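Listed below, chain by chain, are the residues.
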Amino acid sequence: MIDFNRPPFVGKELDYIKEAIDYGKLCGDGEFTKRCSAWMREKFQAKHVLLTTSCTHALEMAAYLCDLQPGDEVIMPSYTFVSTADAFVLRGAKIVFVDIHPETMNIDETKIEDAITEKTRVIAPVHYAGVSCAMDEIMAIAKKYNLKVVEDAAQGVNAYYKGKALGTIGDFGCYSFHETKNYSMGEGGALVFQKDEYQEPAEILREKGTDRSKFFRGQVDKYTWVNYGSSYLPSDMNAAYLWAELEMAEEIDKKRHAIYDYYDAALKPLAQAGYIEQPVVPDYAKHNAHMYFIKVKDLETRTALLKYLREKGVLSVFHYIPLHSAAAGKKFGRFSGEDVYTTRESERLMRLPMFYNLEMKDAAYVAQCILDYPAFNR
Ligand SMILES: *Cc1c(COP(=O)(O)O)cnc(C)c1O
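Every chain is numbered independently, its residues counted from 1 as its sequence is written. Confidence filtering applies because this is a predicted model: local features only for residues at pLDDT of at least 70, side-chain atom pairs given and counted only at 80 or more, and all residues used for totals across whole chains, interfaces and linings. Hydrogen atoms and water are omitted, and side-chain values are computed over all heavy atoms in the structure.

Q: Lay out the pattern of salt bridges with the relevant residues and their values.
A: Opposite charge on two side chains makes pairing possible when the charged atoms of those side chains draw close. Whenever Lys or Arg places a side-chain nitrogen within 4 Å of a carboxyl oxygen from Asp or Glu, that contact is recorded as a salt bridge. The final tally for this structure, using the stated rule, is 27 salt bridges. With a closest N to O distance of 3.4 Å, glutamate 73 and arginine 334 form a salt bridge. One end of the pair, glutamate 73, is in strand E2 (residues 73-77); the other, arginine 334, is in strand E12 (residues 333-335), and 261 residues separate them in sequence. Throughout, exposure labels follow a simple rule: accessible area from a 1.4 Å probe, protein chains only, divided by the maximum for the residue type, with under 20% read as buried, over 50% as exposed, and the rest as partly exposed. Overall, arginine 334 belongs to the partly exposed group, its relative accessible area being 32%. Here lysine 195 ties to aspartate 171 by a salt bridge, and the two come within 3.7 Å at their closest N and O atoms. Of this pair, lysine 195 sits in the loop between strand E9 (189-193) and helix H6 (199-206) while aspartate 171 sits in the loop between strand E7 (164-165) and strand E8 (172-176), placing them 24 residues apart in sequence. By relative accessible area, which is 39% here, lysine 195 ends up partly exposed. For aspartate 171, a relative accessible area of 16% translates into the label buried. Where salt bridges share partners, they join Glu277, Lys295, Arg344, Glu345 and Arg348 into one cluster. We count a stretch as a helix when DSSP gives it H or I for four or more residues in a row; a strand needs E for two or more, and each element gets its number in order from the N terminus.

Q: Got a sec to walk through the pairing of strand E5 (residues 148-152)? Specific residues and values, please.
A: When you tally the buried positions in E5, you get 4 out of 5 residues, the bulk of the element. Here, a strand pair is defined by DSSP locating no fewer than two bridges between the strands. Sheet topology note: the strand E4 (residues 120-123)/E5 ladder contains 2 bridges and is parallel. Residue pairing in the sheet places isoleucine 123 in a bridge with valine 149 of E5. Handedness of a crossover is defined as follows: orient the strands so they point away from the viewer, and if the path from the first strand over the helix to the second runs clockwise, the crossover is right-handed. Between the parallel pair E4 and E5, the chain is carried across by helix H5 (residues 135-145), and the sense of this crossover is right-handed. Where E5 and E8 come together, 3 bridges link them in parallel fashion. Bridge assignment links valine 150 to a residue of E8, and that residue is phenylalanine 172.

Q: Hey, could you go over the site of the ligand for me, with residue numbers and the actual values?
A: Thr56, Asp152, Gln155, Ser176 and Lys181 are the nearest of the 13 residues found near the ligand. At 2.8 Å from an oxygen atom of the ligand is found a side-chain nitrogen or oxygen belonging to glutamine 155. Protein contacts shield 93% of the accessible area of the ligand, which totals 380 Å² for the unbound molecule. Two kinds of site are reported from a 1 Å grid over the protein atoms alone, namely cavities, where a 1.4 Å probe fits but cannot get out, and pockets, open sets with protein on both sides within 12 Å along at least five of seven lines, and residues are called lining when an atom falls within 4 Å of a point. Pocket occupancy is defined atom-wise: a molecule lies in a cavity or pocket when more than half of its atoms are within 2 Å of its grid points. A molecule is said to occupy a pocket when more than half its atoms come within 2 Å of that pocket's grid points, and by this definition the ligand occupies the largest pocket. Three residue categories are used. Nonpolar comprises Ala, Val, Leu, Ile, Met, Phe, Trp, Tyr, Cys and Pro, charged comprises Asp, Glu, Lys and Arg, and polar comprises the others, including Gly. Tallied by class, residues from the shell around the ligand come to 5 nonpolar, 6 polar and 2 charged. By convention in these notes, a residue is near a molecule or strand provided one of its non-hydrogen atoms lies within 4 Å of it. Polar contact is the term for a pair of N or O atoms within 3.5 Å; when the atoms are in protein, one must be able to donate a hydrogen and the other to accept it, and sequence-neighboring residues count only if both atoms are side-chain atoms. The accessible surface values rely on the Shrake-Rupley method and a 1.4 Å probe; as for residues, cover is taken only from the protein chains in view.

Q: I'd like to hear about the pairing of strand E3 (residues 94-98), residue by residue, with values.
A: For a regular strand, side chains alternate in direction, first toward one face of the sheet and then toward the other. For E3, the tally of buried residues reaches 4 of 5 residues, placing the bulk of the element in the interior. Here E2 pairs with E3 via 5 bridges, running parallel. In the strand pairing of E3, isoleucine 75 is matched with valine 96. Crossover E2 to E3 through helix H4 (residues 82-89) is right-handed. Bridge analysis of E3 against E12 gives 3 bridges, and the strand direction is parallel.

Q: Explain the sheet that holds strand E10 (residues 285-286) residue by residue, including any values.
A: Ordered in space as E7-E6-E10, the 3 strands form an open sheet in which the pairing is antiparallel. Across the chains shown, the open sheet's two edge strands, defined by having one partner strand only, are E7 and E10. In the sheet, strand E6 (residues 160-161) pairs with E7 via 2 bridges, with the strands oriented antiparallel. Across the sheet, tyrosine 160 pairs through a bridge with alanine 165, a residue of E7.

Q: Run through the layout of surface pockets, naming residues and quoting values.
A: The calculated volume of the largest pocket comes to roughly 510 Å³. Forming the boundary of the largest pocket are 30 residues, of which Gln155, His178, Thr180, Lys181 and Tyr320 lie nearest the centre. The set of elements that each furnish at least two residues to the lining of the largest pocket consists of helix H3 (55-65) and H4. It is H3 that contributes the most residues to the lining of the largest pocket, 3 residues altogether. A per-class count over the lining of the largest pocket returns 11 nonpolar, 14 polar and 5 charged. Approximately 410 Å³ is the volume found for the second largest pocket. Along the walls of the second largest pocket sit 18 residues, with Asp29, Lys34, Glu203, Arg206 and Arg217 positioned nearest its centre. Grid points are joined across faces, edges and corners, and a volume is the space filled by probe spheres set on the points.

What follows is the structure, encoded as structure tokens:
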């Protein structure tokens, strides 16, 4: 069976985890946590990077730091993972869903302005598949209406918009290091921001509402409870695993692009024959080969093809069921304007196996199975 995903493994992970244990400090903000955050600050030109226990938690932190009041509204695509919405729902916000661009599956920035009301506080663009949203336009709208921008860059680590790393453009960026993402620590994430004013409240929030981070830096001589907080700091053992991946970031990126490019070239004839559609990457985006998806005619075709691939030993999977159609989506949100593409496109999309340790011969087998699919050869 060719898996859809396997967590990245580059070889040094166990050495680094052992090193973390030998340091004798397994809690957060240890040696590897520091190394990982410093690496990201430098590589992504990000002023502040706080490692977290997940991207969901980074989003929760961002939602908290946006200082939302119950009833405030947050604009996002409906085609996203539940966490994008959950983080804001936890703060009592109402979610306003906006339609997507069919080519990128990203929020359609031209439909955002119509969704704005006097209660709108935040826009939360999601960089689907590591392909950037139209950030200049989104930032301009945010500026015009005095809104905050929280980038869900869970899939966008080491991907860029006009040369800027995703996650560093809005007020907050949220990364995921879940095992399904390009760089992993099992479960984990990061909160990224540029403004110094957020550093102290973010650290306090992450450290159970205490000023323990200041204490560790020697800025105060004992730490106390200073505000509301939670526990969003990952263990240094997890950070040690992540460090192994970050050190090899270039190789991981190269390998993923090789798989992506292979699929893209191999399946081109099916696109030319009109059986499938392939992903489109706008000129302004440098993507990170987080995902390779194709779109087929409709839901029925997809169900049949996924079944066929499974019989051939290939695990290909569909993706999000639009949030506005889910029970919680109806309870906590509403769709602004017309759902022209969100539902229709989500039903046609399927993702092919894509992970660092996938062998090229297996990628070739996956592509060949699709090329040989009888319904595409009539
Ligand atoms: C993976 C993912 C998340 C959640 O990340 P976790 O680290 O598992 O919490 C959130 N948003 C998007 C778009 C994702 O792909």
